[in-house]
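Listed here are the chains, written in short residue letters.
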Amino acid sequence: MADSSEIESRYAAPLAECAHCGHMLPQGLGEKECKICGAVCRVSHQPTVDNLTDETLPCPHCSTVIVASTDERPIELTCGACTGKFTLTPKIIKAEIDCPGCERMLRIRPRPGTRELKCPACESKFNITF
Ligand SMILES: [Zn+2]
Ligand SMILES: [Zn+2]
Ligand SMILES: [Zn+2]
């Protein structure tokens, strides 16, 4: 059963690329260190910051609508109506990859660097680099 006191945010910054080597940076906003070349890049995306700050969600305990009023995730919020606590967690972005063997679409959680994937349909293995 899912923990009802954790809610995934509806918004996330788009995945950013390292300005130096073009590989994917760790997800999120602020200063991110490239896992491939070590460069530190500043990731900013004002529309996402606005969306996160204005994000509203119903309290999991009493359904009162609460405004996040911060772009920090995870963030612990306290409901003003019932004083129940819950955590708003970062949205996880999934990347879609075509299997080179059977062209099945795989949805994976991207992480910077190279790793081996195994297709669940045709069992072929391949390396993927973000
Ligand atoms: Zn880099
Ligand atoms: Zn509440
Ligand atoms: Zn496949």
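Predicted model, so just to flag it, every value in this text is computed and none were measured.

> I tried to follow the overall build of the protein on my own but got confused; where do I start?
Within the protein, the secondary structure is distributed over one helix and 11 strands. Against the 2.2 N^0.38 benchmark of 14 Å for 130 residues, the protein shows a C-alpha radius of gyration of 18 Å, more extended than a compact globule. Viewed in the frame of its principal axes, the protein has a C-alpha envelope of about 55 × 35 × 20 Å. In the protein, which comprises 130 residues, the proportion classed as buried is 12%. In the protein, 31% of the contacts between residues at least 6 apart in sequence involve partners at least 24 apart.

> When you look at the sheet that holds strand β7 (residues 85-89) in this model, what are you seeing that I'm missing?
Two modes of strand pairing occur in sheets, parallel and antiparallel, and in both the strands are linked by backbone hydrogen bonds. With respect to topology, three strands assemble into an open sheet ordered β1-β7-β6, the strand pairing being mixed. What marks the edges here is a single partner per strand, and that holds for β1 (6-8) and β6 (75-78). The average angle at which neighbouring strand axes cross in this sheet is 30°, direction not considered. Two strands pair when backbone bridges link them, and β1 and β7 are joined in this way by three bridges, in the parallel orientation. What sits directly across from Glu8, in β7, is Thr89.

Cut-offs and rules
- Residues numbered from 1 in each chain as written.
- Chains lettered and ligands numbered in written order.
- Predicted model: local features only at pLDDT ≥ 70, side-chain atom pairs only at ≥ 80, totals over all residues.
- Helix = DSSP H or I, 4+ residues; strand = E, 2+ residues; numbered from the N terminus.
- Rg over C-alpha atoms; globule rule 2.2 N^0.38 Å.
- Buried ≥ 20, exposed ≤ 12 C-beta atoms within 10 Å, placed from the backbone.
- Contact = placed C-beta atoms within 7 Å.
- Pairing = 2+ DSSP bridges.
- Axes fitted to C-alpha atoms, helices over the stretch in contact; angles between N-to-C directions.

The values are spatial; any link to function lies outside them.
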